[in-house]
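Chain residues, written in single-letter form:
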Amino acid sequence: MATFQAQVEGLTNITIDGTSGAPSTTELSTFLRDGVLDVTNNWLRNYPQDAENFQKKTTSDSQGVEVGRSKVISVLREAGADGSSDGSTAWRVCGYVPAAMQSRVVDKDSIHFSSQYNPSYILENGVVNVYPVPSSNNGIKIYHVNINPVNGSNGTLVHSNDTINYFPSDKIYLVVIYAAIKTLETKMSFYATDEEDIELVQGIQSNIAILSDKYEKAFITPVEQQQRQQRRE
């Protein structure tokens, strides 16, 4: 598959070379990472049920797992062997508990007490705490929307890559379009200020409008499409 740089160059007819220029390959890498987050946010705003398509799994055997501003989808905690013949581990779904209830989940006399068979989790300031407290024998899995764009090898996403982890493959083209729009905007600014070439600026504006329309339409829900159609009629 062509690299993201090649795909963006194909959409924009702009050659991006080296670390200097308008834009540079460094800027293009930033556009791509920003695009992953923008597509994720826009898609889940209208289709929150698709969160699992953007999810990353974080495992731990200790308390206080940092997930930042990432949306938590689900949390699981080990509860020991489930009694099956293969000795497999049983995983229990943790129920969400507001931070204000933290003292109740560890109080054995409270109806909110969390046992290994009925665990819970609290999300406070981007940190997930699970109760009962996880250990080396009772680990946890946290499934959350990925907010750290990475390539197929889990390295930082850059212009020379052609895959994105924790991201649906059928949405990658939108990341490329986003980066192409930003590339064109950067080039347009260069021509407008440094070159003062109005004709080139107008040509770029036309390309931006076409790509922006395609990008925005990708997030329109069927209901919105129907409403727009009705307004036209």
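Since this is a predicted model, take the numbers as computed values, not measurements.

(A) Spatial organisation of helix α2 (residues 25-46). The terminal C-alpha atoms of α2 lie 32 Å apart, and with 22 residues this matches the ideal 32 Å at 1.5 Å per residue to within 8%. Burial in α2 covers these residues: T25, L28, S29, F31, L32, G35, V36, V39, T40, N42, W43 and L44.

(B) Quick peek at the nonpolar core. Within the largest apolar cluster, 36 residues are counted, with the highest numbers of intra-cluster contacts made by I164, F167 and Y215. Among the elements of the structure, α1 (4-12), α2, α3 (172-195) and α4 (198-217) are those that each provide at least two residues to this core. When residues of this core are assigned to their parent elements, the largest contribution, eleven residues, is made by α3. The contact partners of I164, leaving out residues within four places of it in the chain, are F4, V36, V150, N151, L157, I172 and V175. Membership of the second largest hydrophobic core comes to ten residues, among which are V65, V67, C94 and I142.

(C) Region of interest: the sheet that holds strand β5 (residues 95-96). Ordered by their spatial adjacency, four strands build an open sheet running β2-β7-β6-β5, and the pairing between neighbours is mixed. If you trace the sheet from one side to the other, it starts and ends with β2 (65-66) and β5, each paired once. Across two bridges, the pairing between β5 and strand β6 (residues 120-124) is parallel. Residue Y96 lies in a different strand from β6, and its bridge partner there is Y121.

Basis of the calculations
- Residues numbered from 1 in each chain as written.
- Predicted model: local features only at pLDDT ≥ 70, side-chain atom pairs only at ≥ 80, totals over all residues.
- Heavy atoms only, no water.
- Helix = DSSP H or I, 4+ residues; strand = E, 2+ residues; numbered from the N terminus.
- Expected span 1.5 Å × (residues − 1).
- Buried < 20%, exposed > 50% of the residue type's maximum accessible area, 1.4 Å probe, protein only.
- Core = buried A, V, L, I, M, F, W, Y, C linked by side-chain atoms within 4.5 Å.
- Contact = heavy atoms within 4.5 Å.
- Pairing = 2+ DSSP bridges.

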